[in-house]
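# Structural features, examined
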Amino acid sequence: MALLRKINQVLLFLLIVTLCGILYKKVHKGTVLRNETEDDSEPPEEMEEEIPVVICAAAGRMGATMAAINSIYSNTDANILFYVVGLRNTLSRIRKWIEHSKLREINFKVLEFNPIVLKGKIRPDSSRPELLQPLNFVRFYLPLLIHRHEKVIYLDDDVIVQGDIQELYDTTLALGHAAAFSGDCDLPSAQDMNRFVGLQNTYMGYLDYRKKTIKDLGISPSTCSFNPGVIVVNMTEWKHQRITKQLEKWMQKNVEENLYSSSLGGGVATSPMLIVFHGKYSAINPLWHIRHLGWNPDTRYSEHFLQEAKLLHWNGRHKPWDFPSVHNDLWESWFVPDPAGIFKLNHHNS
């Protein structure tokens with residue numbers, strides 16, 4: 001019995017040694033293969049960085065989206081990935097417009113936004129019903145749509161980019177900031193702005209300071225506002241700070257208490273962002289968001305000033321594809337005709 005035990009111990013020892021040898025070879029081989037792969041790959045610093053740009057394509061103004069994309073793609077050598085966001089009934093049309101036009105060379109993904117996430121969060125408002133369209137709130141839900149990027153650019157559809165979008169992407173965000181915006185008091189041409197009668201550039205123009213909930217925020221009504229039509233986003237910070245949840249909280253409060261409305265300032269998407277990002281956002285170079293081109297069809301910027309601008313934004317009622325509007329020649333130069341012939345320019349002001 002003692003001899004048999006000894007033989008079993010020896011066999012067990014040999015089995016353990018054999019298994020250790022096999023494991024060593026596998027691990028060693030795996031390490032070698034991994035190192036060879038790393039050695040053959042392009043160093044990270046030499047790989048071309050992908051710049052994600054999120055832009056919405058609404059059914060009635062899809063031509064705006066295509067013009068914006070065309071202007072971005074034509075003015076940069078950077079590797080752009082366009083995330084074009086639409087509602088379910090527009091997705092095939094978005095894809096066809098891109099694939100059957102001069103935009104067919106772009107790198108893009110078409111994403112569906114499901115408006116069910118907005119249920120119970122939007123207060124009916126007859127003042128400017130176009131501002132209640134579901135796609136107007138896509139900027140609130142970027143982490144639900146975009147998953148693999150650390151930094152993202154969001155743009156409204158009524159913009160034209162005249163500079164290299166790489167510059168905007170390179171905007172520095174301070175530690176702890178989830179987003180960068182262009183402040184309404186940082187516009188480079190203050191004299192031009194003074195001519196825009198009724199233009200709001202403070203929190204007073206967006207929030208109802210008669211309401212206790214707004215007063216309790218402790219934000220001065222004279223605080224400069226910002227425009228969320230151009231945003232550079234740090235996705236990690238956005239998720240860490242649960243920005244989407246914070247925005248939804250204020251949307252629900254507005255449904256209950258009517259804290260802001262589209263009759264105040266620039267609409268229902270701006271106000272919750274002003275509250276959530278108060279004192280906690282970085283600045284975008286003002287030339288990267290020259291706006292209010294759609295504010296008043298009787299007010300024009302100087303041509304020299306517009307040439308210096310990196311991005312033009314026709315926020316307001318007067319869009320450059322419609323009549324009346326101003327500086328629409330700058331927009332029309334980037335227009336991509338609709339292959340389906342549905343979207344047409346209104347040339348009454350030509």
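Coordinates for the structure precede this section.
Just so it is clear, the structure is predicted and the values come from calculations on it, not from any experiment.

One finds Leu155 and Trp331 to be the most contacted residues of the largest nonpolar core, which totals 52 residues. If one sorts the elements of this core by residue count, helix α2 (residues 62-74) sits on top with seven residues. Other than its neighbours up to four places away in sequence, Trp331 contacts Gly63, Ala64, Ala67, Ile160, Trp314, Pro320, Trp321, Phe343 and Leu345.

On to the packing of α2 against helix α3 (residues 91-99), then. The interhelical angle for the contact between α2 and α3, taken along N-to-C directions, is 40°, at an axis separation of 11 Å. Relative to α3, the element α2 lies oblique. For the pair α2 and α3, the sense of crossing is right-handed. Across from Met62, Gly63 and Met66 in α2, the residues of α3 making contact are Arg93, Ile94, Trp97 and Ile98.

A separate point is helix α9 (residues 243-257). Between its first and last C-alpha atoms α9 spans 21 Å; for 15 residues at 1.5 Å apiece the expected length is 21 Å, and the two agree. Those residues of α9 that fall on the buried side of the exposure criterion are Ile243, Thr244, Leu247, Glu248, Trp250, Met251 and Asn254. Down the axis of α9, the smallest arc covering the buried residues is 165°, so these residues share one side. On the buried face of α9, the contacting elements are α4 (142-145), α7 (212-215), α8 (235-240) and α10 (270-276). Trailing α9 by a residue or two, Asn258 shows a phi angle of about 55°, which is positive.

Turning our attention to the state of the cysteines. For the structure on display, the rule yields one disulfide. Between Cys185 and Cys224 runs a disulfide, and the two sulfur atoms are separated by 1.8 Å. The disulfide joining Cys185 to Cys224 has a torsion of about -90° about its S-S bond and is therefore left-handed. Residue Cys185 is found in the loop between β6 (179-183) and α6 (190-194), and its partner Cys224 is found in the loop between α7 and β7 (226-234); the two are separated by 39 residues along the sequence. Classification of Cys224 as partly exposed rests on a relative accessible area of 31%.

A complete count under the given rule lists 13 aromatic pairs for this structure. Ring geometry for Trp238 against Phe277: centres 5.7 Å apart, planes inclined by 50°, an arrangement best described as tilted. In this pair, Trp238 is assigned in helix α8 and Phe277 in the loop between α10 and β8 (282-283), connecting sequence segments 39 residues apart. Summarising the aromatic geometry, the rings of Phe335 and Phe343 are spaced 5.9 Å apart at their centres and angled 40° between planes, so their arrangement reads as tilted. For the pair Phe335 and Phe343, one class covers both residues: buried. Seen from the ring of Tyr169, Lys151 lies directly overhead, with NZ or CZ sitting 5.2 Å from the centre. For Lys253, the ring lying beneath its charged end belongs to Trp250, and the centroid distance is 5.7 Å.

Our focus in this paragraph is empty space enclosed by the protein. Using a probe with the size of a water molecule, rolled over the atoms, empty space left in the structure can be pinpointed. This structure, assessed with the given rule, holds one cavity of 30 Å³ or more. Approximately 50 Å³ is the volume found for the largest cavity. Lining the largest cavity we find Lys121, Ile122, Arg123, Phe137, Met251, Asn254, Tyr260 and Val268. Here the residues of the lining of the largest cavity are counted per class, giving five nonpolar, one polar and two charged.

Here we take up the pairing of strand β1 (residues 50-56). Judged by how many residues are buried, β1 sits mostly within the fold: six of seven residues are covered. Two strands pair when backbone bridges link them, and β1 and strand β2 (residues 79-86) are joined in this way by seven bridges, in the parallel orientation. Paired with Val53 across the two strands is Phe82, which belongs to β2. Two elements, β1 and strand β4 (residues 151-155), share three bridges in a ladder whose sense is parallel. If you follow Val54 over to β4, its bridge partner there is Tyr154.

Parameters at a glance
Residues numbered from 1 in each chain as written. Predicted model: local features only at pLDDT ≥ 70, side-chain atom pairs only at ≥ 80, totals over all residues. Heavy atoms only, no water. Core = buried A, V, L, I, M, F, W, Y, C linked by side-chain atoms within 4.5 Å. Buried < 20%, exposed > 50% of the residue type's maximum accessible area, 1.4 Å probe, protein only. Helix = DSSP H or I, 4+ residues; strand = E, 2+ residues; numbered from the N terminus. Contact = heavy atoms within 4.5 Å. Axes fitted to C-alpha atoms, helices over the stretch in contact; angles between N-to-C directions. Parallel < 35°, antiparallel > 145°, perpendicular 65-115°, else oblique. Left-handed = near helix turned anticlockwise from the far one by under 90°. Expected span 1.5 Å × (residues − 1). Arc of directions from axis to C-beta. Disulfide = S-S within 2.5 Å. Phe/Tyr/Trp six-rings, centres within 6.5 Å; stacked < 30°, edge-to-face > 60°. Lys NZ or Arg CZ within 6 Å of the ring centre and 35° of its normal. 1 Å grid on protein atoms, 1.4 Å probe; cavity = no way out; pocket = protein on both sides within 12 Å on 5 of 7 lines; lining within 4 Å. Points joined across faces, edges and corners; volume = space filled by probe spheres on them. Nonpolar A, V, L, I, M, F, W, Y, C, P; charged D, E, K, R; others polar. Pairing = 2+ DSSP bridges.

The analysis is restricted to geometry; functional conclusions fall outside its scope.
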